[in-house]
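The primary structure of each chain is shown beneath.
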Amino acid sequence: MREFQTKYGYKGLFSWFNNGARGAYIPDWGDQGHVVSFFDNGNLLTSLAAVIGNLQGTAEAALAKEIMDDMIPGFQEMVDPSRNLFYGGFRFQRDATSGVPISAQPLDFHVD
């Protein structure tokens, strides 16, 4: 899970994956690039909180906490200060050489 977060995510948030041939996950949506969703990451955040609450003091709870902490910068970037709302998500491209996320664009809807 940490590999998906760091290798394919955007500022700690998890991107969507296509389920390719033979179960291979493809972290790209072609011309649309990579997408991170407020809703999907919010649901994951809730599940991680449940893991922490139910498995206190375990390695699994510590890992869940690390993943949650790493998601903070992504959620902070999802705030649209002009409207005081969250964007629904981001679409971004990756640099072909370094793999670093570049040119992020907010999705054109907000979360009330």
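All values reported here derive from a predicted model rather than from experimental measurement.

Draft legend 1. Representation of helix H2 (residues 38-54) in the model. The terminal C-alpha atoms of H2 lie 24 Å apart, and with 17 residues this matches the ideal 24 Å at 1.5 Å per residue to within 8%. Buried within H2 we find Phe 38, Asn 41, Gly 42 and Leu 48. The buried residues of H2 occupy an angular sector of 120° when the element is viewed end-on, so they sit on one face. When the buried face of H2 is taken as reference, the exposed residues oriented beyond 90 degrees from it are Asn 43, Thr 46 and Asn 54. Two to three positions downstream of the cap, the backbone nitrogen of Phe 39 sits 3.2 Å from a side-chain oxygen, assigning the N-cap of H2 to Ser 37.

Draft legend 2. Geometry of the pattern of salt bridges. Across all of its chains, the model carries 3 salt bridges by this definition. Residue Arg 2 pairs with Asp 70 through a salt bridge whose shortest N-O separation is 2.6 Å. Here the residue Arg 2 occupies a position in helix H1 (residues 2-8), and Asp 70 occupies one in helix H3 (residues 59-77), the gap between them amounting to 68 residues. We classify Asp 70 as partly exposed; its relative accessible area is 33%.

Draft legend 3. Region of the structure containing the packing of aromatic side chains. Scanning all chains against the criterion turns up 5 aromatic pairs. The interplanar angle of 35° and the centroid separation of 5.8 Å between the aromatic rings of Tyr 10 and Phe 90 together place this pair among those described as tilted. In this pair, Tyr 10 is assigned in the loop between H1 and strand S1 (18-19) and Phe 90 in strand S6 (residues 89-94), connecting sequence segments 80 residues apart. Of the two residues examined, Tyr 10 and Phe 90, each falls in the buried class. Summarising the aromatic geometry, the rings of Phe 38 and Phe 39 are spaced 5.9 Å apart at their centres and angled 90° between planes, so their arrangement reads as edge-to-face. Through pairs of rings, three or more aromatic residues link up here, namely Phe 38, Phe 39, Phe 75 and Phe 86.

Draft legend 4. How the structure looks around the nonpolar core. Judged by nonpolar contacts, the single largest core of 15 residues is most densely connected at Leu 13, Val 36, Leu 48, Met 71, Met 78 and Phe 90. Every element with two or more residues in this core is listed here: H2, H3 and S6. The element that contributes the greatest number of residues to this core is H3, accounting for 5 residues. If we ignore the near neighbours within four places in the chain, the residues touching Leu 13 are Val 36, Asn 41, Met 71, Gly 74, Phe 75 and Met 78.

The rules we used
Every chain's residues receive numbers from 1 upward, in the order its sequence appears when written. Only residues with pLDDT of at least 70 get local features here, since the model is predicted, and only at 80 or more are side-chain atom pairs given and counted; chain-wide, interface and lining totals rely on the full set of residues. Only hydrogens and water are removed before side-chain values are computed, so all heavy atoms of the structure are retained for them. Going along the chain from the N terminus, every DSSP run of H or I of four or more residues is numbered as a helix, and every run of E of two or more is numbered as a strand. One less than the number of residues in a helix, times 1.5 Å, gives the span that helix is expected to have. Note on exposure labels: buried denotes an accessible area under 20% of the residue type's maximum, exposed denotes more than 50%, and partly exposed covers the range between, all computed with a 1.4 Å probe on protein chains only. Directions drawn from the helix axis to the C-beta atoms are what define this arc. Counting of polar contacts relies on pairs of N or O atoms within 3.5 Å, with two restrictions inside protein: one atom must be capable of donating a hydrogen and the other of accepting it, and residues adjacent in sequence are counted only when both atoms are side-chain atoms. Any Lys or Arg side-chain nitrogen located within 4 Å of an Asp or Glu carboxyl oxygen qualifies as a salt bridge. The pairing test for Phe, Tyr and Trp rings, Trp by its six-membered ring, is centres within 6.5 Å, and the orientation test on the planes gives stacked under 30 degrees, edge-to-face over 60, and tilted for anything in between. Buried residues of nine kinds, namely Ala, Val, Leu, Ile, Met, Phe, Trp, Tyr and Cys, make up a nonpolar core once their side-chain atoms join them within 4.5 Å. The contact criterion used throughout is that any non-hydrogen atoms of two residues lie within 4.5 Å.

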